[in-house]
Amino acid sequence: MAKIYYDGDADLNLLKGKQVAVIGYGSQGHAHALNLRDSGIDVVVGLYEGSRSWKRAEEDGLKVTTVEKAVSEADVVMMLIPDTVQPSVYRKYVHEGLEEGNMLMFAHGFNIHYGQIIPPSYVDVTMVAPKSPGHIVRRMYQEGKGVPALVAVHQDYSGKALDLALAYAKGIGCTRAGVIETTFREETETDLFGEQVDLCGGVAELIKATFETLVEAGYQPEVAYFEALHELKLIVDLIYEGGIYAMWYSVSDTAKYGGMTRGRRVINESVREEMRKILKEIQTGEFAREWILENMAGRPSYSKLLEMEKNHPIEEVGKRLRKMMPWLKGIDLE
Ligand SMILES: NC(=O)C1=CN([C@@H]2O[C@H](COP(=O)(O)OP(=O)(O)OC[C@H]3O[C@@H](n4cnc5c(N)ncnc54)[C@H](OP(=O)(O)O)[C@@H]3O)[C@@H](O)[C@H]2O)C=CC1
Ligand SMILES: CC[C@](O)(C(C)=O)C(=O)O
């Protein structure tokens, strides 16, 4: 059974009198910085000169300075900039500034697990990884709730690394929901696997394949859009609220029978075999090497693939159809 920590297991006082530097003010950064501040913790945001986020963080009432200065004054440093830029920022502005007994923190284990960041032996190294996009981390905190998170200790110099990490998790609201103990390895490998085969990669391909199959067979793209994409949210909401069985309970008997007999023909043994191969690529570090090299080369494949996604016919149909539903908030893509 996983060890799960709640509010009663975490002591926010361990962070009182300490300064926390939140490096980055994007999706996770803004949520962590604001939640910690609202929990009474002394926070400074670290950014680069000219950063687009600088003004926003100041307007939100936070102290902002350069990464180097923020780290030099902090006791706890949380790295919340994109994983791909963390190693160079760490080498240039963080490593030197870390003092004995400081805690270096991450919200994802990639750079520690794959050896892209090697911290000095005299600091604690921990992770608090909310299992949610940053904007929900903030919204739930403001509603008096929290999102679940994972906690892990890579290096326990002080002997109190786990307690300090749990205090941080409490400060951002996660112990309200529950914080599961894990390792950097488990968090990194499961996170990469989930986003590749299911949450992002798998779901996007399933939607496009459903849409394309219907359109190729002569059905109207608008009808195909509703079937392949729009209704997915309604189904996932049921699964999210009550589990897969609750979804089966709620749909018609015909959907139940068709889904249970045909679903496993879609996700068949060859798909599962491919999933196992993808997991191996993650476990052996093959995927990490590919992604690091892709970034070093200026992201040629990444950019081409993203452009193809942007121009997929389902995007044009979706844009038109979502106008029929003005209550959908939409996402600002700038
Ligand atoms: N996105 C998510 O919901 C989740 C993310 N995580 C993890 O959290 C961490 C942060 O991810 P995420 O919040 O998505 O990151 P973002 O892409 O949202 O981070 C963007 C922020 O980083 C700043 N930034 C970019 N480059 C630099 C630099 N060289 N120096 C200083 N600041 C810089 C940006 O400034 P500017 O505005 O100027 O560009 C901006 O403030 C990652 O480890 C990620 O894996 C974990 C769980 C979920
Ligand atoms: C599912 C995508 C994610 O892993 C997340 C929000 O946790 C990410 O890295 O953005």
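Keep in mind the model is a prediction, meaning the values are calculated, not measured.

Before going further, it helps to spend a moment on the packing of aromatic side chains. A full pass over the atoms with the stated rule returns four aromatic pairs. Summarising the aromatic geometry, the rings of Tyr225 and Phe226 are spaced 5.9 Å apart at their centres and angled 80 degrees between planes, so their arrangement reads as edge-to-face. Overall, Tyr225 belongs to the buried group, its relative accessible area being 2%. Here Phe226 falls in the partly exposed class, since its relative accessible area comes to 24%. For Arg176, the ring lying beneath its charged end belongs to Tyr141, and the centroid distance is 4.5 Å.

Every residue lining ligand 2 is accounted for by Asp191, Glu195, Leu199 and Cys200. One nitrogen or oxygen atom from the side chain of Asp191 is found 3.2 Å from an oxygen atom belonging to ligand 2. Glu195 places a polar side-chain atom, nitrogen or oxygen, 2.7 Å from an oxygen atom of ligand 2. Across the complex, the protein chains shield 54% of the 290 Å² of accessible surface that ligand 2 would expose by itself. Split into classes, the residues belonging to the shell around ligand 2 amount to two nonpolar, no polar and two charged.

A word on the packing of helix α1 (residues 27-38) against helix α6 (residues 134-142). Contact pair α1 / α6: the axes reach a minimum separation of 7 Å and the direction vectors enclose 20 degrees. Compared by their axis directions, α1 and α6 come out roughly parallel. The chirality of how α1 crosses α6 is left-handed. Along the contact surface, α1 presents Ser27, Gln28, His30, Ala31, Leu34, Asn35 and Asp38, while α6 presents Gly134, His135, Val137, Arg138 and Tyr141. Within the contact of α1 with α6, the residues separate by chemical class into four nonpolar, six polar and two charged.

The full set close to ligand 1 counts 24 residues, and Gln28, Tyr48, Ser51, Ser53 and Asp83 are the nearest of them. Between ligand 1 and the protein, one listed contact pairs an oxygen atom with a side-chain N or O atom of Asp83 at 2.6 Å. Here an oxygen atom of ligand 1 and a backbone polar atom of Gly134 are 3.3 Å apart. Coverage of ligand 1 by the protein amounts to 76% of the 910 Å² it exposes when considered alone. When contributions to the shell around ligand 1 are tallied by element, the ones reaching two or more residues are α1 and α4 (86-94). Partitioning the shell around ligand 1 into residue classes produces 12 nonpolar, 10 polar and two charged.

Strand order in the open sheet formed by nine strands is β1-β9-β8-β7-β6-β5-β2-β3-β4, and the pairing between neighbours is mixed. Single-partner strands in this sheet number two, and they are β1 (4-5) and β4 (63-66). Pairing geometry for strand β3 (residues 42-47) and β4, over four bridges, is parallel. Bridge assignment links Gly46 to a residue of β4, and that residue is Thr65. Together, β1, β2 (19-23), β5 (76-79), β6 (103-106), β7 (124-130), β8 (149-155) and β9 (179-181) form the strand contacts of helix α7 (residues 161-171), whose direction differs from that of β7 by roughly 35 degrees. Across the sheet, helix α8 (residues 184-199) touches β6, β7 and β8, and the angle it forms with β7 is around 35 degrees.

Let's shift gears to the domain arrangement of the protein. For the protein, the assigned domains are domain 1 (4-182) and domain 2 (195-323). Taking only C-alpha atoms into account, the centre of domain 1 sits 32 Å from that of domain 2. Contacts between domain 1 and domain 2 engage four residues on the former and seven residues on the latter. The junction of domain 1 with domain 2 conceals about 480 Å² of combined surface from both sides, 70% of it contributed by carbon and sulfur atoms. When the buried area of domain 1 at its contact with domain 2 is split by residue, Thr84, Phe110 and Tyr114 rank highest and sum to 84% of it. Counting every contact that joins domain 1 to domain 2 gives zero salt bridges. Inspection of the region where domain 1 meets domain 2 yields two residue pairs in polar contact (both at pLDDT 80 or more).

Another aspect to go through is the confidence of the model for the protein. Here the protein averages 97 in pLDDT, while 100% of its residues score no lower than 70. Confidence estimates for the predicted assembly give a pTM of 0.95 and an ipTM of 0.97.

We now examine the nonpolar core. Across soluble globular proteins, you tend to see nonpolar side chains buried next to one another. Formed by 39 residues in total, the largest nonpolar core has its most connected members in Val128 and Tyr168. Secondary-structure elements contributing two or more residues to this core are β2, α1, β3, α2 (53-59), β5, β6, β8 and α7. A total of six residues in this core trace back to one element, the largest contributor, which is α7. Not counting residues within four places of it along the chain, the set of residues in contact with Tyr168 comprises Leu15, Val20, Val22, His32, Leu36, Met78, Leu80, Met105 and Val128.

Turning our attention to the UniProt feature "binding site: Mg(2+) 1" (unreviewed entry) in the protein. Mapped onto this numbering, the UniProt entry gives "binding site: Mg(2+) 1" (unreviewed entry) at Asp191 and Glu195. Within the fold, Asp191 resides in helix α8. Accessibility expressed as a relative area gives 21% for Asp191, which makes it partly exposed. The contact partners of Asp191, leaving out residues within four places of it in the chain, are His108 and Lys131. For Asp191, the side chain forms a polar contact with the side chain of Lys131, separated by 3.4 Å. Relative accessible area serves as the criterion here: at 31%, Glu195 is assigned to the partly exposed category. In this view, Glu195 contacts Cys200 and Gly201; residues no more than four positions away in its chain are not counted.

Quick notes on the rules
- Residues numbered from 1 in each chain as written.
- Chains lettered and ligands numbered in written order.
- Predicted model: local features only at pLDDT ≥ 70, side-chain atom pairs only at ≥ 80, totals over all residues.
- Heavy atoms only, no water.
- Phe/Tyr/Trp six-rings, centres within 6.5 Å; stacked < 30°, edge-to-face > 60°.
- Buried < 20%, exposed > 50% of the residue type's maximum accessible area, 1.4 Å probe, protein only.
- Lys NZ or Arg CZ within 6 Å of the ring centre and 35° of its normal.
- Near = heavy atom within 4 Å.
- Polar contact = N/O pair within 3.5 Å; in protein donor to acceptor, adjacent residues only side chain to side chain.
- Areas by Shrake-Rupley, 256 points an atom, 1.4 Å probe, with all protein chains shown as cover.
- Nonpolar A, V, L, I, M, F, W, Y, C, P; charged D, E, K, R; others polar.
- Axes fitted to C-alpha atoms, helices over the stretch in contact; angles between N-to-C directions.
- Helix = DSSP H or I, 4+ residues; strand = E, 2+ residues; numbered from the N terminus.
- Parallel < 35°, antiparallel > 145°, perpendicular 65-115°, else oblique.
- Left-handed = near helix turned anticlockwise from the far one by under 90°.
- Contact = heavy atoms within 4.5 Å.
- Pairing = 2+ DSSP bridges.
- Domains from an automatic or database assignment.
- Buried area = accessible area lost by both parts, 1.4 Å probe.
- Salt bridge = Lys/Arg side-chain N within 4 Å of Asp/Glu carboxyl O.
- pLDDT = per-residue confidence, 0-100.
- Core = buried A, V, L, I, M, F, W, Y, C linked by side-chain atoms within 4.5 Å.
- UniProt positions renumbered as here; feature names shortened; annotations may be inferred.

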